[in-house]
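Breakdown of the fold
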Amino acid sequence: MPSPDQIKTALLTEHFRYTPLTLLDDIINTVNELVFQAVNEIEDSLLNTDSETLGFTKAEGVSDADFDAIARTEVEAGIVQLESLLNSTIDKNFDKLEIYTLRNLLTVSNVKQDEGLENWVMLDHYREMDQADHKPVDDSTLDALTALRKRAQETEKLHRALKAEVARNEALLARLRPIGIEAQSTRQSTGSIDQSFASASVVAAQDQPSFSFLSSTPAASELEIVAKRESQPLTQNTKFTLTQLTALKRLLDDLRPHLANFPRPGLGSEAHKTRDAYIESQTRNAMARNGIEPGKSQGGVALTAGRAVSAEEVKALEAMAGALGGESHPDRMEE
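As annotated in an unreviewed UniProt entry, the chain is Mis12 domain-containing protein from Myriangium duriaei CBS 260.36. In the Sequence similarities (unreviewed entry) part of its UniProt record, the chain is described as follows: "Belongs to the mis12 family." Quoted verbatim from the Subcellular location (unreviewed entry) heading of the UniProt record, the comment on the chain is "Chromosome, Centromere, Kinetochore".

Its 38 residues give helix 4 (residues 139-176) an end-to-end C-alpha distance of 55 Å, which sits within 8% of 56 Å, the value for a rise of 1.5 Å per residue. Listed as buried for helix 4 are Asn 169, Leu 172, Leu 173 and Leu 176.

What follows covers the pattern of salt bridges. Between side chains of opposite charge, a pair can form when the charged atoms approach closely. In this structure the tally under the stated criterion is six salt bridges. A salt bridge links Arg 168 to Glu 165, with the nearest nitrogen and oxygen atoms 2.5 Å apart. You can see Arg 168 and its partner Glu 165 sitting in helix 4, three residues apart, about one turn around the helix. Taking relative accessible area as the criterion, Glu 165 reaches 23% and is therefore assigned partly exposed. The partner of Arg 256 in a salt bridge is Asp 253, and the shortest N-O contact between them spans 2.9 Å. Taken together, the positions of Arg 256 and Asp 253, both in helix 7 (residues 233-260) and three residues apart, correspond to about one turn of that helix. According to the relative accessible area criterion, Arg 256 is exposed, its value standing at 52%.

Conventions we followed
Residues numbered from 1 in each chain as written. Predicted model: local features only at pLDDT ≥ 70, side-chain atom pairs only at ≥ 80, totals over all residues. Heavy atoms only, no water. UniProt positions renumbered as here; feature names shortened; annotations may be inferred. Helix = DSSP H or I, 4+ residues; strand = E, 2+ residues; numbered from the N terminus. Expected span 1.5 Å × (residues − 1). Buried < 20%, exposed > 50% of the residue type's maximum accessible area, 1.4 Å probe, protein only. Salt bridge = Lys/Arg side-chain N within 4 Å of Asp/Glu carboxyl O.

Written out as structure tokens, the structure is:
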């Protein structure tokens, strides 16, 4: 609920067409401007007056330029002090004027007996208006107003979300257009944009060669980079390979004499023994991973690949076969 002072201020503002503080601010600003102009005139007058006329005494050994500079510095310092003094005095007195005016002049009532008078004041432009009878508002109307207010708030939230989505889509389209993809609508969702991007990429891959986007952007057009539409990669690669064959043959001819002179390790050398040991160890590891025990054979035939079966597993299998009615072979178990 507004306070009585706020009601008075609103009433006076509607009557004067401006706030009371605006009037006081204009008065203070006008006075400050006049003071500023007066101080500038005083400063110009003092600076244009001869230094000796102002009472400055020239000391011995001081040049005219230094004497004028000293006098000018003194005058400027005095002007600053004068301006500060005037501003302080004006602010102090006009603060009193502002308080007195707001309390006694620009007000509706300033005595205790007239409190509440602002509630009974009617301006001229309100006299012809018909005041409708005040009717109490029932709860259903309040609920309807509350629902409408919430609906308006949710609509505003949705509007902001849609505007943000449109901005994101515009930014995405701005990045996609230089590659050669034109969107069907500026208000498509992100999913539809991704779908159109995928389909356009497939079509572009079928119709254009790889890296064609490097020559289809506006920057490429400005740099006068034009790609040839007729591309024959197989022919070009074949021609390039044929042009390199001569150089390869020349390199082979140069390497053959060096290869003949390159020393080779003998059968009994240390390098040959190291190589044989490495091959042997890797072979044994590979055989062990496949379930073959190196160095064992049966009847001159190498064992087949598979996991090595222990004696306990064989006994368990024989016992299971005997339990199911099969014939056991003790001699095999002993083996």
